[in-house]
Amino acid sequence: MNVLLKVEGLEKTFSTRNSVTEVFKNVSFEISPGEVVVIKGRSGEGKSTMLGILSGLDRQTAGSVVFAGERLESMTVSELAELRAQKIGMIFQSFNLIGSWTALENVEAVLMHRGISPVQRRQKAQAVLHELGLGERLDNYPTELSVGQQQRVAVARTLVNDPLLILADEPTGDVDAETAREVVELLLPRVRNGSAALLVATHGAFDLNYADRVLTLANRCLVAENGRSQDKGVPA
Amino acid sequence: MNDSLRCAVRELLRRPGRSLATLFGYILGAAFVFALTLLLKTDMLVKGDIINYMGTHFVAFSPAAYSGDALVPTEQSPLDPQNETFFAEPMVVTRLLPKSLAGKISEIPEVLAATPFLLFRFKQGQDGHVFSVGGFEPGDTAALHGTAATSRDIIAGAFLQPGDRGVVLVEETYALMWNLKVGSVVNVADTLFPVIGIVRPGVRPVRADVFMNWPDAEAMINQRLSAPLQQQANLFLVESAGLHNHETAMKKVEKLMPDGMINTFNCSVPAIEVMGISSKTLRLITLVVLVIILIYAANSQWASVVERHRDIAILRALGWKTSSILQQIVIEALLLAVTGTMIGMVTGYVIAYLALPAISPTLAAGGALAFDWATLAFNLAAFSSAGLLAGALPVFQIVSADPAMVIRNSAQ
Ligand SMILES: Nc1ncnc2c1ncn2[C@@H]1O[C@H](COP(=O)(O)OP(=O)(O)OP(=O)(O)O)[C@@H](O)[C@H]1O
Ligand SMILES: [Mg+2]
C-alpha cells in the first residue's frame, strides 16, 4: 500500500526568550491510507506540537514531512493553508468552534473561498451534520450545544471536505465513554473504506482497540508499542 | 470575492451595535460636510452671480483739477464751461487722454477688453436743458457690455452699427422725458439726429442720454470746444479677465492713467476676499472631518478585528488564506463607509434644504440649492478611501493571528 504520510528525523525545539525547550527529536514513522494510528504520551510530551507540524500550522526545527507526495517544509504559508483546506481534517484538543457562528456556519467555513457554490456548500454541510445526528441543531450556536454535540460539530467540520488525513487531538477527552465511542465510530467509516487515514493523539483515554498501531512519545522520542506492521519508530 | 462579500455582510449583521455605531459616524460626518458644502456653494454661486454682473468691469478716467468755483479741463476747453463739459459722473469733470491708451490697457494680461469713450454734457440750444452724449465704438461689445450699452439692451428699434452715421440711440428714461420714439429727432449742437433705437442698459457705471458713433460724437463735441479733439477720449471702459483678475486689472490700469481714478461697484473686492475665505475654510473643515472619521472608523475596525482574533486564527487553521480574510475585513469597512456616506449625503441635502431659509431668506428665495455631482462624487470617494484605509489597517492583526495558537488554545 502506498504511503500517505512519511515523517523522517522530525525534531522540534521551542526557543522562548532565554530558554530552549526540546520537545522531541529524531521522530520517524509512516502512515498509509486506511490506517488508524495512535500517538500516545503523557501530558507535555509534544503530541499537539506534532499534529501542529503535520498539519502545516507549525514548522519543525529539523527533519522532513512528506504528505501526499508534497514536502511540507518547502511549501509557503498560503500553500499550506490550501493543503489544509483541501486534504487535511483536524479535530483540535479544544474544539475551536467559532462562538458567534452557528453549527452549520462552522462546518460550512471549511468549504468557503474554494469556489464552491453556496447552495452546494450548504447541502454538503447539512448532510454531514445530519449524518452525525445534528440535523436538528443546524442553527444553534456552540454555547447552545452540549460538549458532546460541540465535539460532533468539530467532527463534522473535519469530515466535510473529505480529507485524506484526519488528525485528531484527544478527540475523546471531555466526554463519557459512550459518547467517546460514538465519535470514533463516526470517524472510522472514512478510514475503513480506505479513503483516509486517522492519526489520533491521546494520553490514554482513547480506546486502543481501534488502533492498527500505537506509537508512544516518551522522553522526547517515539517508540513503537504494539503494531501489526513493524514501523520505523526508532529510539534515540 | 463572493464569499468575502457574503461573510462581510454576515459579520456586519452579527454585530449590529458596532456596525450601526460606525455607520452613524459616517452618516454624521458626510451629512455635516455635504450640508456645509451645499450651503456654502449656494452662497458662493449667488455672490458670484452678483459680482459677475456688476463687478468685473470698470471705468477708468483722469479727473480734472479743481480750481476756484469752476471745474476747468486743462486742454481744449468747452465754450460754455458752466454747462458743457467732459465728465465721468455728474460731479466729476475729466481730462482728455489719448484714445490709443485703450490699446495699452487691452494689452494688460488681466484685462479682457477695453474701449475708449467720449462722455460730454451738452446744453440744448432751443430749450436750454442739459443732456449727455456718449460716443463709442459699437463694435467693442466685450468692453461695452457691462459698462455702457450693447445691442442686448435695445427695447425698441435697432442698435447702432459701426458704419452708421447721423443717427442716434436714446436711453429709455430720456426718451420718456422728451417723448422720443424711434423715428423722432434729437437736436445735438444744432444738428438734428433721427432716433433709430431706444436702450434700457440698467445699472451701469457709465450713463448717457444719447449714444452716437464715435465720428459723429467727435464732430458734435468739436463744435463746442475751443480746439478740436485730436484722437482723444475722456473715459476708458474695461472688462477684467474674470473675477480673480479684477483687482490686479484695476491696479494696473490705474497706473497707466495720470491721477487715475477707477469707477466700479466696489462690492467686488471684499466679496472676492470673503469667497476666498469660504472656499478655503470649507476645504479645511472637510479635511478635519475626514481625519476624525478616519480615526473613528479605523479604531472601530481595529477593535472588531481584535475581537475576532481567535476566530481568525481558527479560520486560518481551517485553511483560509490571509488574503481572503483581509478582503473580507476591507469589504466590511467599505460597505459601512459607502452606505454611511450615501445616507449621510441624503441627510445632508435635506438638512441644507431645510436650513437654507433660516440662514438666508434671500438665498432660499433665489431658488434651488446648489447641487453638483462633483461634490457628491468627491465626498463619496474621500469617505470611501477613509473606509478603505480603516479596513486595511488591521492587516497586521490578521497576520499576527497565528493559526498555530489554536493547537493548544483550550479557552473555548
Ligand atoms: N509556543 C511554545 N513555546 C514554548 N514551549 C512550548 C510552546 N508550545 C508548546 N511548548 C512546550 O512543548 C511541550 C509539548 O507541548 P504539547 O502541547 O505538544 O504537549 P501535549 O503532549 O499535547 O500535552 P497535553 O497532553 O497536555 O495536551 C510542552 O512542554 C510545552 O510547554
Ligand atoms: Mg496536547
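That block above? That's the structure.
Residues numbered from 1 in each chain as written. Chains lettered and ligands numbered in written order. Predicted model: local features only at pLDDT ≥ 70, side-chain atom pairs only at ≥ 80, totals over all residues. Heavy atoms only, no water.

A. Up close: the site of ligand 1. Taken together, 14 residues surround ligand 1, and among them A:Ser43, A:Lys47, A:Ser48, A:Thr49 and A:Gln93 come closest. Around ligand 1, the nearby residues trace back to chains A and B. Here an oxygen atom of ligand 1 sits 2.9 Å away from a polar atom, N or O, in the main chain of A:Gly46. Taking A:Gln93, its side chain carries an N or O atom lying 2.8 Å from an oxygen atom of ligand 1. Here ligand 1, which alone exposes 630 Å², has 70% of that area covered by the protein. The set of elements that each furnish at least two residues to the shell around ligand 1 consists of strand 1 (5–16) and helix 1 (47–54) of chain A. The leading source of residues in the shell around ligand 1 is helix 1 of chain A, at 3 residues. Split by residue class, the shell around ligand 1 holds 2 nonpolar, 8 polar and 4 charged. (Near = heavy atom within 4 Å. Polar contact = N/O pair within 3.5 Å; in protein donor to acceptor, adjacent residues only side chain to side chain. Areas by Shrake-Rupley, 256 points an atom, 1.4 Å probe, with all protein chains shown as cover. Helix = DSSP H or I, 4+ residues; strand = E, 2+ residues; numbered from the N terminus. Nonpolar A, V, L, I, M, F, W, Y, C, P; charged D, E, K, R; others polar.)

B. Expanded view of the interface of chain A and chain B. In this complex, chain A contributes 33 residues to the contact, which on the side of chain B involves 28 residues. Of the roughly 2700 Å² buried between chain A and chain B, counting both surfaces, carbon and sulfur atoms make up 53%. One can count 4 salt bridges joining chain A with chain B. Where A:Glu105 meets B:Arg14, a salt bridge forms, and the shortest distance between an N and an O atom there is 2.9 Å. In this assembly, chain A and chain B are joined by 10 residue pairs in polar contact (both at pLDDT 80 or more). Of the residues forming the side of chain A that touches chain B, the biggest block, 6 residues, is contributed by helix 2 (residues 77–87) of chain A. Here the residues of the side of chain A that touches chain B are counted per class, giving 15 nonpolar, 10 polar and 8 charged. (Contact = heavy atoms within 4.5 Å. Buried area = accessible area lost by both parts, 1.4 Å probe. Salt bridge = Lys/Arg side-chain N within 4 Å of Asp/Glu carboxyl O.)

C. A look at the packing of helix 10 (residues 322–359) of chain B against helix 12 (residues 373–392) of chain B. Residues and elements named next belong to chain B. Following both chains from N to C, one finds helix 10 and helix 12 inclined at 150°, their axes separated by 8 Å at the closest point. As far as their axial angle goes, helix 12 and helix 10 are roughly antiparallel. Taken as a pair, helix 10 and helix 12 cross one another with a handedness that is right-handed. Between helix 10 and helix 12, the contacting residues are Leu326, Ile329, Val330, Ala333, Leu334, Ala337, Val338, Thr341, Met342 and Met345 on the first element and Leu376, Asn379, Leu380, Phe383, Ser384, Gly387, Leu388, Gly391 and Ala392 on the second. In terms of residue class, the contact of helix 10 with helix 12 is built from 14 nonpolar, 5 polar and no charged. (Axes fitted to C-alpha atoms, helices over the stretch in contact; angles between N-to-C directions. Parallel < 35°, antiparallel > 145°, perpendicular 65-115°, else oblique. Left-handed = near helix turned anticlockwise from the far one by under 90°.)

D. Geometry of the coordination of the magnesium ion (ligand 2). Residues and elements named next belong to chain A. Distances from the magnesium ion (ligand 2) to its protein donors, namely Ser48 (OG) and Gln93 (OE1), fall within the range 1.9 to 2.4 Å. Of this pair, Ser48 sits in helix 1 while Gln93 sits in the loop between strand 6 (88–91) and helix 3 (103–108), placing them 45 residues apart in sequence. You can call Gln93 partly exposed: its relative accessible area is 35%. (Donors = N, O, S within 2.8 Å, 3.2 Å for Na, K, Ca; no water. Buried < 20%, exposed > 50% of the residue type's maximum accessible area, 1.4 Å probe, protein only.)

E. Seen up close, the sheet that holds strand 1 of chain A. Residues and elements named next belong to chain A. Pairing within the open sheet is antiparallel, and its 4 strands lie in the order 2-1-4-5. The two strands at the open ends of the sheet, each matched to only one other strand, are strand 2 (19–31) and strand 5 (70–71). By the bridge criterion, 9 bridges tie strand 1 to strand 2 in an arrangement that is antiparallel. Note on strand 2: the bridge partner recorded for Thr13 is Glu22. (Pairing = 2+ DSSP bridges.)

F. Region of the structure containing helix 2 of chain A. When we look at burial in helix 2 of chain A, the residues that qualify are A:Leu80, A:Ala81, A:Leu83, A:Arg84 and A:Ala85. Against strand 4 (62–67), strand 5 and strand 6 of chain A together with helix 9 (309–317) of chain B lie the buried residues of helix 2 of chain A.

G. Region of the structure containing the environment of A:Ser28. Residues and elements named next belong to chain A. Residue placement: Ser28 occurs in strand 2. Note: C-alpha distance between Ser28 and Val223 (195 residues apart in sequence) is 9.5 Å. Polar contacts involving the side chain of Ser28 include one to the main-chain amide nitrogen of Gly9, which spans 2.9 Å.

H. Structural view of the pairing of strand 7 (residues 165–169) of chain A. All names here are of chain A. By the criterion of burial, strand 7 is predominantly enclosed, with 5 of the 5 residues buried. The two faces of strand 7 match: Leu165, Leu167 and Asp169 on one face and Ile166 and Ala168 on the other face are all buried. Where strand 6 and strand 7 come together, 4 bridges link them in parallel fashion. Bridge assignment links Met90 to a residue of strand 7, and that residue is Leu167. Where strand 7 lies against strand 8 (residues 197–202), 5 bridges are found, and the strand directions are parallel. The residue bridging Leu167 from the neighbouring strand is Leu199, located in strand 8.

I. Representation of the pairing of strand 14 (residues 235–240) of chain B in the model. All names here are of chain B. Within strand 14, 6 of the 6 residues are buried, which leaves the element mostly enclosed by the surrounding structure. Burial of the side chains of strand 14 extends over both faces: Leu235, Leu237 and Glu239 are buried on one face and Phe236, Val238 and Ser240 on the other. Here 4 bridges tie strand 1 (residues 57–61) to strand 14, and the two strands are oriented antiparallel to one another. Among the inter-strand pairings, His57 is bridged to a residue of strand 14, identified as Glu239. In the sheet, strand 6 (residues 111–123) pairs with strand 14 via 6 bridges, with the strands oriented antiparallel. In the sheet register, Pro116 faces strand 14, and the bridge partner there is Phe236.

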